[in-house]
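An overview of the molecular structure
Letter by letter, the chains look like this.
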Amino acid sequence: QVQVVESGGGLVQLGGSLRLSCAASGNIGSDYVMGWYRQAPGKERELVATINSGGQTNYADSVEGRFTISRDTAKNTVYLQMNSLSTEDTAVYYCNVRTTWRWSGGYWGQGTQVSVSS
């Protein structure tokens, strides 16, 4: 069983930065995708960024150039560096880990709140 735990959320002022962390415990195999999603009040959950076991990254257009996803393979940890934050980035951020045996849906963390104040 894979457990996913996020940390690093909080309140930040407009234009500020935050760094989120996501640690996956247990065996996630050698072929996986780790990513960040977010859900704002009244909106559907949306993709923010992903990184796969080969190191390839993918970003939503809305965060391209402002957010950077990275990983520490030794720690099964993925990070999301968020810069130039806007009020539209306010949401609960969820980490997701997809493994070969659980490719559809994957494992989800409990979420961490990011609030950007103007």
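Residues numbered from 1 in each chain as written. Predicted model: local features only at pLDDT ≥ 70, side-chain atom pairs only at ≥ 80, totals over all residues. Heavy atoms only, no water.

1. Remarks on the state of the cysteines
Considering all chains together, one arrives at one disulfide under this definition. For Cys-22, the disulfide goes to Cys-95, at an S-S distance of 2.0 Å. Negative torsions about the S-S bond denote left-handed disulfides, and the value of about -80 degrees found for Cys-22 with Cys-95 makes this one left-handed. Residue Cys-22 is located in strand E3 (residues 18-25), and its partner Cys-95 is located in strand E9 (residues 91-99); the two are separated by 73 residues in the primary sequence. Comparing Cys-22 with Cys-95, the two get one shared label, buried. (Disulfide = S-S within 2.5 Å. Helix = DSSP H or I, 4+ residues; strand = E, 2+ residues; numbered from the N terminus. Buried < 20%, exposed > 50% of the residue type's maximum accessible area, 1.4 Å probe, protein only.)

2. A word on the sheet that holds E3
Taken together, four strands build an open sheet; the order of strands is E1-E3-E8-E7 and the sheet is antiparallel. In this open sheet, the two strands that pair with only one neighbour each are strand E1 (3-7) and strand E7 (67-72). Adjacent strand axes in the sheet meet at a mean angle of 15 degrees when their direction is disregarded. As defined by bridge partners, E1 adjoins E3 across five bridges and the pair is classed as antiparallel. (Pairing = 2+ DSSP bridges. Axes fitted to C-alpha atoms, helices over the stretch in contact; angles between N-to-C directions.)

3. Notes on the nonpolar core
Counting 31 residues, the largest nonpolar core has Met-34, Trp-36, Leu-80, Met-82 and Tyr-93 as the members making the most contacts within it. Mapped by element, the contributors of at least two residues to this core are E3, strand E4 (32-39), strand E5 (46-52), E7, strand E8 (77-82), E9 and strand E11 (112-117). (Core = buried A, V, L, I, M, F, W, Y, C linked by side-chain atoms within 4.5 Å.)

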